[in-house]
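Reading the structure
Now for the letters of each chain:
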Amino acid sequence: MKLEVIRTQNEQAKPTDESMLGFGKIFTDHMLTIPYKTGIGWHNAQIRPFENFSLSPACMVLHYSQTIFEGLKAYHTDNGINLFRPWDNFKRLNASAARMCIPEIDADFALEALCELIRLEKDWIPRSEGTSLYIRPTMIATDPFLGVRAGEEYLFFVILSPVGAYYATGLKPIDIYVEDEYVRAVVGGTGAVKTGGNYAASLAAANLAYTKGFSQVLWLDGLEKKYVEEVGSMNIFFKIRGELYTSPLTGSVLPGITRDSVIKLAQDTFGVNVHEERLSIADIFAEGESGGLEEVFGTGTAAVISPVGGMQWEGKRISVANGDMGELTMRLYDKLTGIQYGREKDDFGWIKTL
Ligand SMILES: *Cc1c(COP(=O)(O)O)cnc(C)c1O
């Protein structure tokens, strides 16, 4: 497949105040699109001006959510543009595609096309501390058809957004609400896949937690509502008496690339034992009350590492690390962002430099 490049005739002004970027509000001048049609396959790859799509109101994704997405970032560094483990995002995109009956894409071609797009938009990558260019690859079913079946036409597209720090409050520890009524995912469902419906289904619980004064929901397993799985749309880690614990990839947990990176850094670089084990919320609260629970943090591309300062479950409250950022949380954050921004040595071969 060839990649055609159509440049915009009217470039937008780039944001001048990088402290006002926020997250996912501003988009660059160009996007990548590759349509698919049964019988033809993925074809007609284009980098072209960012603009609204024209889609039939009957288009399948609008009704039945046959859609998947990814999220990764490009970082401005002194030695070029860094992408963090982009191969893994395209691998996971294809794993999501398989689960959602979307045809897989040539991951190498898609990544190369993305790199072309980023090179074209390089002046959109913000430069101040904590900022980056967020990359959103997406696939949607576009057939105008109201029957429930897998689509025969799809669109793969990638849009780019210069972003500041994910949380408006910066790296301040968040207060989380342990959700004991709604569930995010069940084994056999789509919890391990980045598909739109998962996020629509999570909104009611998020709103409820928000009205109670919490910024994120801690999700328990969908069957027994006993074991911790994720926090908001991040994976979650607990440091208990010097060792790290996180949910295993049970099928209802999203296999986060940040999660995997934190496991490797903690184990290989910092020599901390990491257990991928089911951990009950009752045990965590017991450790919290007896002083064994030392640190809690979420991991994900958008926020990287998000410290948790307090948790509430069934009316009980525990505070974590006195509401501060834990020592290991801080070291992991510094190391991981250090690698991403090219300040630290890339011992694991995670960086692709453009
Ligand atoms: C994307 C996502 C994560 C984090 O994955 P990363 O690859 O680390 O960004 C965790 N949980 C959910 C539900 C997600 O959608």
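All of the points below concern the structure found in this document. Because the structure is a prediction, the values reported are computed rather than measured.

What counts, and at which threshold
- Residues numbered from 1 in each chain as written.
- Predicted model: local features only at pLDDT ≥ 70, side-chain atom pairs only at ≥ 80, totals over all residues.
- Heavy atoms only, no water.
- Helix = DSSP H or I, 4+ residues; strand = E, 2+ residues; numbered from the N terminus.
- Rg over C-alpha atoms; globule rule 2.2 N^0.38 Å.
- Buried < 20%, exposed > 50% of the residue type's maximum accessible area, 1.4 Å probe, protein only.
- Contact = heavy atoms within 4.5 Å.
- Lys, Arg positive; Asp, Glu negative; His and termini not counted.
- Charge placed at Lys NZ, Arg CZ, Asp CG, Glu CD.
- Near = heavy atom within 4 Å.
- Polar contact = N/O pair within 3.5 Å; in protein donor to acceptor, adjacent residues only side chain to side chain.
- Areas by Shrake-Rupley, 256 points an atom, 1.4 Å probe, with all protein chains shown as cover.
- Nonpolar A, V, L, I, M, F, W, Y, C, P; charged D, E, K, R; others polar.
- Phe/Tyr/Trp six-rings, centres within 6.5 Å; stacked < 30°, edge-to-face > 60°.
- Lys NZ or Arg CZ within 6 Å of the ring centre and 35° of its normal.
- Core = buried A, V, L, I, M, F, W, Y, C linked by side-chain atoms within 4.5 Å.
- Salt bridge = Lys/Arg side-chain N within 4 Å of Asp/Glu carboxyl O.
- Expected span 1.5 Å × (residues − 1).
- 1 Å grid on protein atoms, 1.4 Å probe; cavity = no way out; pocket = protein on both sides within 12 Å on 5 of 7 lines; lining within 4 Å.
- Points joined across faces, edges and corners; volume = space filled by probe spheres on them.
- Pairing = 2+ DSSP bridges.
- Right-handed = clockwise from strand over helix to strand, strands pointing away.

**Some details on the overall build of the chain**
Helices and strands together make up the secondary structure of the chain, namely seven helices and 19 strands. The C-alpha atoms of the chain give a radius of gyration of 21 Å, which matches the 20 Å a tight globule of 354 residues would have. Across the 354 residues that make up the chain, the buried fraction comes to 52%. Across the chain, the fraction of contacts at a sequence separation of at least 24, relative to all contacts at a separation of at least 6, is 72%. The positive charge centre, built from 34 side chains, and the negative charge centre, built from 45, are 2 Å apart in the chain.

**Remarks on the site of the ligand**
Around the ligand, the surrounding shell holds 14 residues, and the nearest of these are K194, Y199, E230, T258 and T301. Within the side chain of E230, a nitrogen or oxygen atom sits 2.5 Å from a nitrogen atom of the ligand. Between the ligand and T258, the relevant distance is 2.6 Å, taken from an oxygen atom to a side-chain nitrogen or oxygen of the residue. A total of 380 Å² of accessible area belongs to the ligand in isolation, and the protein chains cover 95% of it. Only β13 (234–240) and α5 (257–269) provide two or more residues apiece to the shell around the ligand. Taken together, the residues of the shell around the ligand break down into four nonpolar, six polar and four charged.

**Structural notes on the packing of aromatic side chains**
In the structure shown here, the tally under the stated rule is 12 aromatic pairs. Taking the centre distance of 5.5 Å and the plane angle of 75° together, the rings of F84 and W350 count as edge-to-face. Remark: W350 occurs in the loop between α7 (327–340) and β19 (351–353) and F84 occurs in strand β7 (residues 80–84); sequence separation between them is 266 residues. In this pair, the class of F84 matches that of W350, namely buried. An aromatic cluster is present here, built from Y36, W42 and Y154 joined pairwise through their rings. Against the face of F270 rests R331, its NZ or CZ located 4.6 Å from the ring centre.

**Re the nonpolar core**
L114, I118, I135 and F156 are the most contacted members of the largest nonpolar core, which totals 37 residues. Where this core is concerned, the elements lending two or more residues are β2 (30–37), β4 (45–49), β6 (72–77), β7, α2 (86–99), α3 (107–120), β8 (132–141) and β9 (153–163). Excluding its chain neighbours within four sequence positions, the residues that come into contact with F156 are L32, T33, I34, W42, F90, L93, I105, A110, P137, T138 and M139. Membership of the second largest hydrophobic core comes to 24 residues, among which are I174, L220, V231 and W313.

**Regarding the pattern of salt bridges**
Throughout the structure, instances matching the rule amount to 21 salt bridges. R241 serves as the salt-bridge partner of E287, at 2.2 Å between the closest nitrogen and oxygen. Placement of E287 in helix α6 (residues 281–290) and of R241 in the loop between β13 and β14 (243–246) is noted, with a sequence separation of 46 residues between them. Relative accessible area serves as the criterion here: at 17%, E287 is assigned to the buried category.

**As for α7**
Taking 1.5 Å per residue, 14 residues should reach 20 Å; α7 reaches 20 Å between its end C-alpha atoms and fits that length. Burial analysis of α7 places 10 of its 14 residues in the buried class, which makes it a mostly covered element. All of the buried residues along α7 are L328, T329, L332, Y333, K335, L336, T337, G338, I339 and Q340. Downstream of α7 by a residue or two, G342 has a phi angle that is positive, lying close to 75°.

**Examining empty space enclosed by the protein**
Under the counting rule described, the total for this entry stands at one cavity of 30 Å³ or more. Among the elements of the structure, β6 and α5 are those that each provide at least two residues to the lining of the largest cavity. Considering each element in turn, the lining of the largest cavity owes the most residues, three residues, to β6. Its residues assigned to classes, the lining of the largest cavity comprises four nonpolar, four polar and one charged.

**Some details on the pairing of strand β10 (residues 174–178)**
When you tally the buried positions in β10, you get four out of five residues, the bulk of the element. In the sheet, β10 pairs with strand β17 (residues 304–313) via four bridges, with the strands oriented parallel. Across the sheet, residue I174 finds its bridge partner in β17, namely V308. Two elements, β10 and strand β11 (residues 216–220), share three bridges in a ladder whose sense is parallel. Along β11, the bridge assignment pairs Y177 with V217. In terms of handedness, the path from β10 via helix α4 (residues 196–211) over to β11 forms a crossover that is right-handed.

**As for the side chain of N94**
With respect to the helices, strands and loops of the structure, N94 is situated in helix α2. What N94 contacts, discounting residues up to four positions off in sequence, is E104, I105 and A107.

**Side note on the environment of V253**
Within the fold, V253 resides in the loop between β14 and α5. The buried category is assigned to V253, whose relative accessible area is 1%. Counting along the chain gives 139 residues from V253 to L114, while the straight-line C-alpha distance between them is 27 Å. Here V253 is in contact with R184, G191, A192, E229, E230, N235, S247 and P248, once residues within four sequence places are set aside.

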